[in-house]
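The primary structure of each chain is shown beneath.
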Amino acid sequence: MPVLNNVQAVNYALMQEMERDPSVIVFGEDAGYEGGVFRATVDLQEKFGVERCFDTPISESGIVGAAVGMAINGLKPVVELQFCGFTYPALNQIISHVSRMRNRSRGRFTLPMVIRFPSGGGIRALEHHSESPEVLFAHIPGLKVVMPSTPYDMKGLLIAAIRDPDPVIFMEPKRIYRAFKQEVPEEDYVIEIGKASVVKEGEDLTIVTWGAMVRDTLKAVEEANKKGIYPEVIDLRTISPLDQEAIIQSVKKTGRILVVQEAVKSFGVASEIIALVNEKSFLHLEAPPARVAAPDIIVPLPRGEQYYMPSPDMIYKKILEVVNFLT
Amino acid sequence: MPVLNNVQAVNYALMQEMERDPSVIVFGEDAGYEGGVFRATVDLQEKFGVERCFDTPISESGIVGAAVGMAINGLKPVVELQFCGFTYPALNQIISHVSRMRNRSRGRFTLPMVIRFPSGGGIRALEHHSESPEVLFAHIPGLKVVMPSTPYDMKGLLIAAIRDPDPVIFMEPKRIYRAFKQEVPEEDYVIEIGKASVVKEGEDLTIVTWGAMVRDTLKAVEEANKKGIYPEVIDLRTISPLDQEAIIQSVKKTGRILVVQEAVKSFGVASEIIALVNEKSFLHLEAPPARVAAPDIIVPLPRGEQYYMPSPDMIYKKILEVVNFLT
Amino acid sequence: MLVDQYNPFEGKMLQILDKDGNVLDENLVPQIPEEDLVKLMRTMLYTRIADRKALMYQRQGRMLTYAPNEGQEACQVGSAYALEKKDWMAPAFRELGAWLQRGVDLKTIYLYWYGNEMGSKVSEDIRILPVSVPISSQLLHAVGLAMAAKKRGLDEVSIAYFGDGGTSEGDFHEALNLAGVYKAATVFFCQNNQWSISVPKHFQTASETFAQKAYAYGFKGIKVDGNDILAVYAATKEAIERGRRGEGPTLIEGYTYRLGPHTTSDDPTRYREEQEVDEWREKDPIKRFRSYLVGKGLWNEEMEVQFAQAVDEEVERIFKEVEQSGNTLFDDIFKYQYEKMTPLLEEEYEEYKAFFEERGML
Amino acid sequence: MLVDQYNPFEGKMLQILDKDGNVLDENLVPQIPEEDLVKLMRTMLYTRIADRKALMYQRQGRMLTYAPNEGQEACQVGSAYALEKKDWMAPAFRELGAWLQRGVDLKTIYLYWYGNEMGSKVSEDIRILPVSVPISSQLLHAVGLAMAAKKRGLDEVSIAYFGDGGTSEGDFHEALNLAGVYKAATVFFCQNNQWSISVPKHFQTASETFAQKAYAYGFKGIKVDGNDILAVYAATKEAIERGRRGEGPTLIEGYTYRLGPHTTSDDPTRYREEQEVDEWREKDPIKRFRSYLVGKGLWNEEMEVQFAQAVDEEVERIFKEVEQSGNTLFDDIFKYQYEKMTPLLEEEYEEYKAFFEERGML
Amino acid sequence: EGRKQETVVTEKRKVLATPVARKMAHDLGVDLTTIRGTGPGGRVMKADIRAAAERPQTITTVDSQP
Ligand SMILES: Cc1ncc(C[n+]2csc(CCOP(=O)(O)OP(=O)(O)O)c2C)c(N)n1
Ligand SMILES: Cc1ncc(C[n+]2csc(CCOP(=O)(O)OP(=O)(O)O)c2C)c(N)n1
Ligand SMILES: [Mg+2]
Ligand SMILES: [Mg+2]
Ligand SMILES: [Mg+2]
């Protein structure tokens, strides 16, 4: 079995799906000849030719808008937007068309397309390269929003996203693109979109998190374990639709919940999870549902980023707070 | 005292501020000669000349981006985007620049500008004319988001927004532009941004809402009153920053909260309010915090809108549910 | 080629019929079978009648917002006539004539303006995208349609419609730029009807013409008299053929006029002179084509009266059907969000359904 | 006017010095005091040294991502020299030369690339906007700056910098279109350095030149040899004067080359031939200007050695200061979100402060 | 005349308790407003409720004033 890191898993999934399905095409800024600034699309052009993997002008709205037309006319575009912060010029196409074409046309025109981009901070990058905009997409009906955190999930979810008959926003936590490797099966497999994974079982509280924060959470959990505290950790994997069942079932067991997100705190994904828990498992709550998130400020440049990114230490502190809350 | 409806109050505020402060300028699509498709900017061009109130090309990113430059160079632009659904092409300028210029330049360049637009549904309009995108703005650090619901508040908050040294997203619930009139003082006055208003005192539960839903909520509350139930109703007026104090204080008194929003349910403003209440007044909660919102679907065209818009009847039903919980 | 002969930078505009329907240059008259000439006339008339009636129904409070297209029939019918069945159309929202020429039934179109979602569901065998309200966003879809065709080895061409105001949006630029780079077989049809709601065209751009904007993208543009259906057809036909031959995109500026209000919510007397409207009435595309056909002995008053009366009745009948169609089905507003409802959506669906059922609203 | 003489549609490019520094046409040589000629040389050299050192520091792991501008010194220094103090500059992110010519101290610039927020705080008396990373978004700010000046009765001009790739964005279009409509005194300076990261310029647009794109907006564009500082200056100067006289915007395409990598994260050998780089090295803007000055007796090797040595030391010293500047202050990341922290932010500030204080991190 | 019957008038008093505790009180038929919480800040703890449930109801709401 190949041992791959996250970005290699993306590449692997693309490679296999392009092989399997000639209607899959890949494009974006520097995504063709160069293989992407993170090398996620490397070798695809060489292997499948310039018609199926190609470079585009710097034109995010154009990339997404053209993909809409292509998806209608028989292709399955998997487009790369270069960074999370450069998805914004494409938001009009995404919100006004990508999410709506099926509904608008009463099912006649559907958009089997994927919009991929590296997301999140922690790579000491320039401004706009460290954004966590997942909630902006999650709020939009008609979209699905996915963010895997391991090479295994990356491959299985990307294949699922490409095969999904509906558009999928596929966010890749760039901080862990190369952070670790994992065995990834050669055969093609699919991880169901909308299913979270319990990455660690526990009794004392439920921690829900996703993307790069999964690893930081697990570090904090290790510390907690040393103190005899056993959190259950849920890696969302899909942000929209939320896996309600997984979350609620766990909270019913533990009575306590902490949501860890890299995005700024207010009006984020964590809030929705807490609202949901309130609606579905209120009477099981033994402590106030809590959040660890970035403060409500613009992501600082690298020399200030350490004050911004939620850290294992911060998560650990919050775990204690939630667990020690008396009822 | 003039008796004005909401859109007249907008016009009145603009008129007075332009009179008072020559650096205030107003522009947008059809906002000049014609006075805006809703007549919010009517008579301004005639009164203050074409340099201070003018039409623009159909170019939302351009409108907002140019306003950024103007604000840096000594003006106070108040721009109109024609409809909520046409704010999306401007999101890149709003998220990447409007919200950040002060921080990026460490306070050297500031943006005293206002982005106004009619928001929400219920006017039997075409697609994209009925959006409630407030959470997309509220999640962005560096922005303030305001949505008044009465002519009095409209004037006071718009004046406050124009005088605010920072950018304000000013959302006007178009459904109630002409729904009712109110006495509006002639003198100029300011309503503090970030302050909610308790529009109805009560003991039995707290209802938080904003924009056009305030009126529908009050209708439901009237019904509830007939049954001896007395909700406290908070009109947020400002969505970001949230008036935590007003909300928490009320929940501590009532022990119950219902949030009513016109936007789709998931990942919306209501979720944040519920998360906040959990963090700040958890032990006071006697019932699960609840939401009335639109379902997670694309706003239907007019002949389906009745199934989408939260109605007084739905709010009333939810009031009973919350009040009767475990008692 | 016309696109070379009529360089917009030289102030040229392609015109074949003058405003009285006289042929200006016989060499330019495109080859159209007589039968089709009559059909084009009928479609223009049908468009005009259905348009006026829609406006009337709206004034009677029976139709919702409607965007009239009186005056732009030649632009729409003439250009759409140049398409083959396999070609794609990406309209904006004022394209009644193009929809009808493309074969969409009026009931569907009326349903849309009646506020019923089924109005966006065009029958499977007609290649037309739904109405696109966000200005110029549909241009990119047209480019994508053509790019996909090329990649799949199909010789399908796409056409996108938009207005003079539409040229100001970033998406206009990105679409034309991409089409240029990838040599997409897309015809960009700009209906320059002189106004964007209340804003006159010279406030949209300082460019002398809209057609010349093509040259910023490495391809050609041509300005045509948009009230002359023969000119419109000739230019579009050439553009489509070039696209089909792999010669890339073309920008066509149809110089025309919106005789009615922007939409039924608009009062044009607030921003433009009656005199301007009168001048353009003189250049009416139907009047002009009628004279031409009458001159050729293909049309006469009797035919017109008879046809108009029949259409009148048909349109009335269709509209009554539309009125009886009632509301969008409750199920339908949930059903098309995704191929399969998400569990959350399913829950909401059940909750809302119960709510409305309880109240006898379903 | 140059802008008329050098019509980009006719394939013309303004060049005053050939690649060996010989004057091609004495009539074109702009009036620049000798003292200033030497200053320009010094600024270009200073730019080159500071640029190379930044790259070196980065390779040593002492600097973060850096976007080199070797090869583009003439475009930047020459155009910025044409500005007056009251004029505004809206840079992208590769404008080291322009920043220095404008009078920004190297320490500030280095701080930015060092990842310290204070690098965006330019001293109050220099009219330059912070680095703008989202491609072409800053063009609109430049237009707004000029529009505001006009409305306030000031004769300030603005200049915006962007790359060949920058012309593909919707914001490029909207900016040029607005500038045309409002006759904003904005100079759009496109540094066509042939590449957008790994994508060659002919994948950005099918347009023959970037300069000709101006004609889509009703104003003029000119292509200049971007490695010829005299040509760059002459064209920019004219554009600024025209802007100041109320004659509106100009688009300038500086035809140049990025000799280094896109940024320090980029490996250009993956996508371009060494030979291409070598050819462009021959056209080095500094080499060329040096020959010109040497020919005029204004510059010699000794001066250069001496100057370079002094700059070398100065830059080293400055960078050490930067290295000692440490992290962004904790307070500062909260302080500038709004004029006054919101109550919520205040709370978060206190919470985080306590957290980091507890851990000795403040 | 003489000693009044021992009664306590309960006003609608706000109680601090977690949802779990509230549920427990509900299930055990304990009126939370009658319990003095022993948790932080007067929070009514599950233990308090359990204790209250185990001891006989000494506190009742008043039906009529003497
Ligand atoms: C992105 C966007 N902005 C604004 C609008 C509102 N709007 C609808 S039609 C219109 C004018 C369009 O003018 P033009 O493109 O000339 O087309 P016409 O209406 O004349 O056919 C405007 C501004 C919109 N639909 N989409
Ligand atoms: C909106 C946006 N999309 C993508 C990027 C990523 N990006 C940074 S530089 C660059 C290439 C820019 O090329 P060009 O405009 O020619 O300028 P150059 O780098 O050559 O100076 C890209 C794609 C970005 N910064 N902003
Ligand atoms: Mg128009
Ligand atoms: Mg755009
Ligand atoms: Mg470049």
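Residues numbered from 1 in each chain as written. Chains lettered and ligands numbered in written order. Predicted model: local features only at pLDDT ≥ 70, side-chain atom pairs only at ≥ 80, totals over all residues. Heavy atoms only, no water.

**Points about the site of ligand 2**
For step 1, the next point in the chain: Close to ligand 2 lie 20 residues; A:Glu60, D:Arg94, D:Asp164, D:Asn193 and D:Trp195 are nearest.
For step 2, the next point in the chain: Looking at what sits near ligand 2, you find residues from chains A and D.
For step 3, the next point in the chain: One of the backbone N or O atoms of D:Val133 is found 2.9 Å from a nitrogen atom in ligand 2.
For step 4, the next point in the chain: Of the residues in the shell around ligand 2, the class split is eight nonpolar, seven polar and five charged. (Near = heavy atom within 4 Å. Polar contact = N/O pair within 3.5 Å; in protein donor to acceptor, adjacent residues only side chain to side chain. Nonpolar A, V, L, I, M, F, W, Y, C, P; charged D, E, K, R; others polar.)

**Some words on the relation of the copies chain A and chain B**
For step 1, the next point in the chain: Superposing chain A onto chain B takes a rotation of 180° combined with a translation of 0.0 Å along the rotation axis, leaving an RMSD of 0.1 Å. In the structure described here, the two chain copies are related by an operation that fits a two-fold rotation axis. The C-alpha atom lying nearest the rotation axis in chain A is that of A:Ser271; the distance is 2.6 Å.
For step 2, the next point in the chain: Comparing contact sets, 98% of the residues at the interface of chain A also lie at the interface in chain B, consistent with an isologous, same-surface contact. (Least-squares fit on C-alpha atoms with pLDDT ≥ 70 in both. Contact = heavy atoms within 4.5 Å.)

**Re the coordination of the magnesium ion (ligand 3)**
Residue and element names in this part refer to chain C.
For step 1, the next point in the chain: Protein coordination at the magnesium ion (ligand 3): the donors are Asp164 (OD), Asn193 (OD1) and Trp195 (O), at 2.0 to 2.1 Å from the metal.
For step 2, the next point in the chain: Motif for the magnesium ion (ligand 3), donor spacing along one chain: D-x28-N-x1-W. Placement of the pair is Asp164 in the loop between strand S2 (158–163) and helix H7 (170–182) and Asn193 in the loop between strand S3 (186–192) and strand S4 (195–196), with a sequence separation of 29 residues. Assigned by exposure class, Asp164 and Asn193 land together as buried. (Donors = N, O, S within 2.8 Å, 3.2 Å for Na, K, Ca; no water. Helix = DSSP H or I, 4+ residues; strand = E, 2+ residues; numbered from the N terminus. Buried < 20%, exposed > 50% of the residue type's maximum accessible area, 1.4 Å probe, protein only.)

**Digging into the UniProt feature "domain: Transketolase-like pyrimidine-binding" (unreviewed entry) in chain A**
For step 1, the next point in the chain: According to UniProt, the "domain: Transketolase-like pyrimidine-binding" (unreviewed entry) feature falls on residues 4–179 of chain A.
For step 2, the next point in the chain: Helix and strand shares over residues 4–179 of chain A are 36% and 16% respectively, and the end C-alpha atoms of the span are 10 Å apart. (UniProt positions renumbered as here; feature names shortened; annotations may be inferred.)

**A short note on the pairing of strand S14 (residues 290–294) of chain A**
Residues and elements named next belong to chain A.
For step 1, the next point in the chain: The buried fraction of S14 amounts to five of the five residues, a majority that puts the element mostly inside the structure.
For step 2, the next point in the chain: As paired elements, strand S13 (residues 257–264) and S14 share four bridges and run parallel to each other. Directly across from Leu258, in S14, lies its bridge partner Ala290.
For step 3, the next point in the chain: In this fold, S13 hands off to helix H10 (residues 269–281), which returns the chain to S14; that crossover is right-handed. (Pairing = 2+ DSSP bridges. Right-handed = clockwise from strand over helix to strand, strands pointing away.)

**Some details on helix H8 (residues 229–244) of chain C**
All names here are of chain C.
For step 1, the next point in the chain: Between the first and last C-alpha of H8 there are 22 Å, a value that for 16 residues agrees with the 22 Å anticipated at 1.5 Å per step.
For step 2, the next point in the chain: Taking burial as the measure, the 16 residues of H8 include 13 buried ones, the bulk of the element.
For step 3, the next point in the chain: Of the residues flanking the start of H8, the one acting as N-cap is Asp228, its side-chain oxygen 3.0 Å from the backbone nitrogen of Leu230.
For step 4, the next point in the chain: A positive backbone phi angle near 85° is found at Gly246, which sits one or two residues after H8. (Expected span 1.5 Å × (residues − 1).)

**Here's the deal with the coordination of the magnesium ion (ligand 5)**
All names here are of chain D.
For step 1, the next point in the chain: Only Asp164 (OD), Asn193 (OD1) and Trp195 (O) from the protein reach the magnesium ion (ligand 5) as donors, at distances of 2.0 to 2.1 Å.
For step 2, the next point in the chain: In the primary structure, the donors to the magnesium ion (ligand 5) are separated according to the pattern D-x28-N-x1-W.
For step 3, the next point in the chain: Note on Asp164: relative accessible area 1%, which makes it buried.

**Things to note about the site of ligand 1**
For step 1, the next point in the chain: In the neighbourhood of ligand 1, 20 residues make up the surrounding shell, with B:Glu60, C:Arg94, C:Asp164, C:Asn193 and C:Trp195 lying closest.
For step 2, the next point in the chain: In this structure, ligand 1 sits where chains B and C come together, each supplying nearby residues.
For step 3, the next point in the chain: Measuring from an oxygen atom of ligand 1, one finds a side-chain N or O atom of C:Ser196 at 3.2 Å.
For step 4, the next point in the chain: One of the side-chain N or O atoms of C:His262 is found 3.3 Å from an oxygen atom in ligand 1.
For step 5, the next point in the chain: Expressed as a share of its isolated accessible area of 580 Å², the protein-covered part of ligand 1 is 95%.
For step 6, the next point in the chain: Here the shell around ligand 1 is composed, by residue class, of eight nonpolar, seven polar and five charged. (Areas by Shrake-Rupley, 256 points an atom, 1.4 Å probe, with all protein chains shown as cover.)

**Quick notes on the pairing of strand S11 (residues 231–235) of chain B**
Residue and element names in this part refer to chain B.
For step 1, the next point in the chain: Taken across its five residues, S11 has five buried, putting it largely inside the fold.
For step 2, the next point in the chain: Here S11 shows a buried face lined by Pro231, Val233 and Asp235 and a second buried face lined by Glu232 and Ile234.
For step 3, the next point in the chain: Sheet topology places strand S9 (residues 197–200) next to S11; three bridges connect them, and they run antiparallel. Each residue of the ladder has a partner; that of Ser197, found in S11, is Asp235.
For step 4, the next point in the chain: Of the pairings in the sheet, the one linking strand S10 (residues 205–209) to S11 comprises five bridges and is parallel in character. The partner of Val208 across the bridge, within S11, is Ile234.
For step 5, the next point in the chain: On the question of chirality, the crossover connecting S10 to the parallel S11 by way of helix H8 (residues 213–226) is right-handed.

**Considering the pattern of salt bridges**
For step 1, the next point in the chain: Applying the stated rule across the entire model yields 117 salt bridges over all chains.
For step 2, the next point in the chain: Of the charged contacts in the structure, one is a salt bridge between B:Glu17 and B:Arg163, with a shortest N-O distance of 2.7 Å. Separated by 146 residues along the polypeptide, B:Glu17 in helix H1 (residues 6–20) and B:Arg163 in helix H7 (residues 151–163) bring together distant segments of the chain.
For step 3, the next point in the chain: Among the salt bridges present, the one from C:Lys19 reaches C:Asp20, with a minimum N-O distance of 3.9 Å.
For step 4, the next point in the chain: A relative accessible area of 34% places C:Lys19 in the partly exposed class.
For step 5, the next point in the chain: Judged by relative accessible area, which is 40%, C:Asp20 ranks as partly exposed.
For step 6, the next point in the chain: Within the structure, one salt-bridge network assembled from shared partners comprises C:Arg48, C:Arg52, C:Glu70, C:Glu73, C:Arg281 and C:Asp284. (Salt bridge = Lys/Arg side-chain N within 4 Å of Asp/Glu carboxyl O.)

**Some words on the packing of aromatic side chains**
For step 1, the next point in the chain: Here the structure, examined in full by the defined rule, presents 73 aromatic pairs over all chains.
For step 2, the next point in the chain: These aromatic residues form a ring-pair network of at least three members: A:Tyr307, D:Phe330, D:Phe334, D:Tyr349, D:Tyr352, D:Phe355 and D:Phe356.
For step 3, the next point in the chain: Seen from the ring of D:Phe355, D:Arg359 lies directly overhead, with NZ or CZ sitting 3.7 Å from the centre. (Phe/Tyr/Trp six-rings, centres within 6.5 Å; stacked < 30°, edge-to-face > 60°. Lys NZ or Arg CZ within 6 Å of the ring centre and 35° of its normal.)

**Regarding the interface of chain A and chain B**
For step 1, the next point in the chain: Contact with chain A, which involves 50 residues of that partner, is made by 50 residues of chain B.
For step 2, the next point in the chain: Taking both sides of the interface into account, the surface hidden between chain A and chain B amounts to around 4,200 Å²; carbon and sulfur atoms contribute 64%.
For step 3, the next point in the chain: Looking only at chain A, the three residues that lose the most surface to chain B are A:His139, A:Phe267 and A:Ile298, adding up to 20% of its buried area.
For step 4, the next point in the chain: If you look at where chain A meets chain B, you find 12 salt bridges.
For step 5, the next point in the chain: Applying the counting criterion to the chain A and chain B interface returns 22 residue pairs in polar contact (both at pLDDT 80 or more).
For step 6, the next point in the chain: Of all the elements in the fold, those that place two or more residues in the side of chain A that touches chain B are helix H4 (91–98), helix H5 (101–104), helix H6 (134–138), strand S12 (238–240), S13 and H10 of chain A.
For step 7, the next point in the chain: When residues in the side of chain A that touches chain B are grouped by element, the largest group, eight residues, is from H10(A). (Buried area = accessible area lost by both parts, 1.4 Å probe.)

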